[in-house]
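# An overview of the molecular structure
If you want the building blocks of each chain, they are given just below.
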Number of protein chains: 2
Amino acid sequence: MYRVESETDVRDMARGAVFLGGGGGGDPRVGALFLIDQMRRGRHPRVMEAAELADDAFVVSIAGVGAPTVLEEYLVSARMLRRLVEECAQFYKRPIDALISAEIGGFNSLMPLAAATEVDLPVVDGDGIGRAVPHIEMTAFSIYGCRATPSIVTDEAGNVSHIFAVDDHTAEAMIRSACVGMGSSIAGAFYPMSGRQVKEAAVLGSLRQTLDIGRRIRTARERQSDPVQELLTYLDVPAQQRFARLLFEGRIVDVQRETRDGWHWAQVRLSGSAGGEPEFSLEIQNEILVARNRGRIVATVPDIITVVDSESAEPLPAERLTYGQRVHVIGYSADPKVRKPEAVAVIGPRAFGFNFDFVPIEQAAP
Amino acid sequence: MYRVESETDVRDMARGAVFLGGGGGGDPRVGALFLIDQMRRGRHPRVMEAAELADDAFVVSIAGVGAPTVLEEYLVSARMLRRLVEECAQFYKRPIDALISAEIGGFNSLMPLAAATEVDLPVVDGDGIGRAVPHIEMTAFSIYGCRATPSIVTDEAGNVSHIFAVDDHTAEAMIRSACVGMGSSIAGAFYPMSGRQVKEAAVLGSLRQTLDIGRRIRTARERQSDPVQELLTYLDVPAQQRFARLLFEGRIVDVQRETRDGWHWAQVRLSGSAGGEPEFSLEIQNEILVARNRGRIVATVPDIITVVDSESAEPLPAERLTYGQRVHVIGYSADPKVRKPEAVAVIGPRAFGFNFDFVPIEQAAP
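Residues numbered from 1 in each chain as written. Chains lettered and ligands numbered in written order. Predicted model: local features only at pLDDT ≥ 70, side-chain atom pairs only at ≥ 80, totals over all residues.

## Remarks on the pairing of strand β4 (residues 98-101) of chain B
Residues and elements named next belong to chain B. Formally: Any residue with 12 or fewer other C-beta atoms within 10 Å of its own C-beta is exposed, any with 20 or more is buried, and the rest are partly exposed; the C-beta atoms used are placed from the backbone. Here a helix means four or more residues in a row that DSSP labels H or I, a strand means two or more in a row labelled E, and each is numbered from the N terminus. Any two strands are treated as partners once DSSP identifies two or more bridges connecting them. Here is how to tell: hold the view so the strands point away, follow the path from the first strand over the helix to the second, and if it runs clockwise the crossover is right-handed.
Residues Ala98 and Ile100 of β4 are buried on one face, and the alternating residues Leu99 and Ser101, pointing to the opposite face, are buried as well. Relative to β4, strand β3 (residues 58-66) runs parallel, the two being bridged by 4 bridges. Paired with Val59 across the strands is Ala98, a residue of β4. With 2 bridges connecting them, β4 and strand β5 (residues 123-127) associate as parallel partners. Opposite Leu99, over in β5, you have Val123 as the bridge partner. Handedness of the crossover is the feature at issue here: the chain leaves β4, passes through helix α5 (residues 111-119), returns alongside β5, and the resulting connection is right-handed.

## Some words on the domain arrangement of chain A
Residue and element names in this part refer to chain A. Quick note on the threshold: These domain boundaries are the output of an automatic or database domain assignment. Each residue gets a C-beta atom placed from its backbone, and two residues are in contact if those atoms lie within 7 Å. The classification used treats Ala, Val, Leu, Ile, Met, Phe, Trp, Tyr, Cys and Pro as nonpolar, Asp, Glu, Lys and Arg as charged, and all other residues, Gly among them, as polar.
The domain architecture assigned to chain A consists of domain 1 (2-204) and domain 2 (231-364). The C-alpha centroid of domain 2 is placed 24 Å from the C-alpha centroid of domain 1. Between domain 1 and domain 2, the residue contacts involve 30 residues of the former and 27 residues of the latter. Listed by contribution, the elements that provide at least two residues to the side of domain 1 that touches domain 2 are α1 (7-20), α3 (68-71), α6 (140-143) and α7 (168-181). Residue composition of the side of domain 1 that touches domain 2, by class: 16 nonpolar, 9 polar and 5 charged.

## Some thoughts on unusual backbone geometry
Geometrically, the link from Thr149(B) to Pro150(B) is a cis peptide bond, its omega value of 5° lying close to zero. Position of Pro150(B) relative to the elements: it lies in the loop between α6 (140-143) and β6 (151-154). In this structure, Pro302(B) follows Val301(B) across a cis peptide bond, with omega equal to 5°. Its identity as a non-glycine residue notwithstanding, Tyr191(A) has a phi of 50°, on the positive side.

## A few points about the interface of chain A and chain B
Tallying the contact residues gives 19 residues for chain A and 19 residues for chain B. When residues of the side of chain A that touches chain B are traced back to their parent elements, those giving at least two are β7 (160-164) and α7 of chain A. In terms of residue class, the side of chain A that touches chain B is made up of 11 nonpolar, 7 polar and 1 charged. The sheet contact formed by β7(A) and strand β7 (residues 160-164) of chain B spans 5 bridges and is antiparallel. Bridge pairing links Ile163(A) to Ser161(B) in β7(B).

## What about the relation of the copies chain A and chain B?
To be explicit about the condition: Each copy is superposed on the other by least squares, with the fit set by C-alpha atoms of residues at a pLDDT of at least 70 in both.
At an RMSD of 0.0 Å, chain A and chain B line up after a rotation of 180° and a shift of 0.0 Å along the axis. Overall, the copies show the geometry of a two-fold rotation axis. When the interface residues of chain A are mapped onto chain B, 100% of them are again interface residues, pointing to one common binding face.

## Considering the environment of Asp254(A)
Residue and element names in this part refer to chain A. Among the secondary structure elements, Asp254 is positioned in strand β10 (residues 244-260). On the neighbour-count criterion, Asp254 (12 C-beta atoms within 10 Å) is exposed. Distance in space between the C-alpha atoms of Asp254 and Ala178 is 33 Å, their sequence separation being 76 residues. When sequence neighbours within four positions are dropped, the list of residues in contact with Asp254 reads Arg269 and Pro278.

## Thoughts on the sheet that holds β10(A)
Residues and elements named next belong to chain A. Here is the rule we go by: As a rule, the C-alpha atoms of each element are fitted with a line to give its axis, helices using only the stretch in contact, and angles between N-to-C directions run from 0 to 180 degrees.
The sheet built from 7 strands is open, its strands ordered β14-β13-β12-β11-β10-β16-β15 with antiparallel pairing. Bordering the open sheet on either side are β14 (296-300) and β15 (304-309), each of which pairs with just one other strand. Direction aside, neighbouring strands of the sheet carry axes that sit 40° apart on average. Looking at chain direction, strand β12 (residues 275-285) and strand β13 (residues 287-293) are connected through 6 bridges and run antiparallel. Each residue of the ladder has a partner; that of Phe280, found in β13, is Asn293.

Structure follows, in structure tokens:
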């Protein structure tokens, strides 16, 4: 168990979460401000290792659902976070022992921490996928035997739905529709789990990793070192089956985006630093799903594709990518747990309708 | 309390329900077949007067939700109706004393009868509006102080949502969205009410009226009398503030329809019996909302507008109106309870986005 100690820690975690989230999972600013405010009142988030959980502990995964373009405007209010956790305890008819993030993402890995400070619960160091994903069923939780429902979703106005789906694919459709009916931005509790299930199914250590990544970028800047290069060096650890690659360096020259069916969809094109025709492209459904260089696929889900500012290495939420930005595009291999065939079947390119297979980043961009 | 005795009664009720439903509320055939099958097993629907309810009785309103174009394909299964009622009793934590229709409509006034035979409950002679309406909040229940939620909705596959909305307008959005997420066709329990609330808020006697209307049309045919004329004579009772008018007689010459956002939308144009340019038009959102003769509004919601076959006076579901049909269009004033200003505010033309006021049918088509 460790306490998030400082405002700097929170900002580092927010920065690292946008990076690991592949630009998705919402904008972290509102969540970070809420957390910092809580800490000023002496309410520090507590993060526990999964190993510290009793096997029969009761854990729920909480997250915001909606297009990040709408989530940004989402008010993380003490009232609402408290209501969500209280609705949970009442609905599941037992006290909750810990919260866990459904996914790592700008907003979504800070939100459980924010809720936890409000109701004085620990948050497990881990999450459902080790990155952000646009679908509820795309989690290691689901892939390794947990069920997304019964779920509880609520909105700022106080509307509530309890959702019971026959499978997690249907759960996604039902939760996404509930989101549309409730103003396109909801908070929910998903994947009620035992402590034992968390240990088996979750991607572990990912919350700590957001802190490490964010800290690494910040300290490199402070030392006036090259933050992009330091980040790549930190992330690329072949002995742990983690690979990081610089996929492209250049300038955003075209962004086509729309918010539709509760998602943020976009296509982004980039030219090299020397200018010229766009040669690199990104496809986005909340998160960056595919990167192509001169038409050749160089990275795909489940691997993580993140755009960072060329100067500061600040990771950029996908919905904030704009014309003219000078950026580096980094590819980072997903957690080994979500690169297994059974996981790739649920979160690989074909699960999004692309007609090509997952190519591990270390093979596509050696 | 009376028992629905014969298959003929069921078919008469189905016919009358399509008429009172303004062509909406779904196709009655599947519900009628289910009921007839139940009766052959000795399970006759029992219909009770609201006055027979104890003030503290517990009543829920059950209905199918979805575009009638999809509802038609909806399978009324014993398993599903039973599950819905059992989910209700479990959720509300008390046994249900009676069911009531949310609306009168081809499918929706037979469905509570079907469910009631399966779980051996009576159905109250009445409903939420005395006609069919495309929105959950458009009921006398809501207008006179009951709340649509907590609602329970379920689908054929066994998915379930419990919905708690801050108001009935939001309930409509949440239920409609749930419907889209669950394959566009769901069954739900709405408006949990006390017996006293039913007596105060419901439109009473409407189930019996479906039987009377259907029977009147059938017997007129059997006597080779003019069924349209007999129907108009039966319905037009100024002393009871009920008015019926023949709005048009002619042929359908154009139908534009689409299923969108969980509703069936259509525009229908008619020419007079002598042919020539279309001079009469109908606007449909599940139900017929507005009738115009040479551009002049001759009937609007909440009054009932129904198209019947010219020969047989068989009322036609709005989604079955097709090119070439020879029809009579009949206008029938809504129940006085839903013509009051507070009701017209919720279910009048402006509630559907039209920029004109409700004109009572006896004034528009004298």
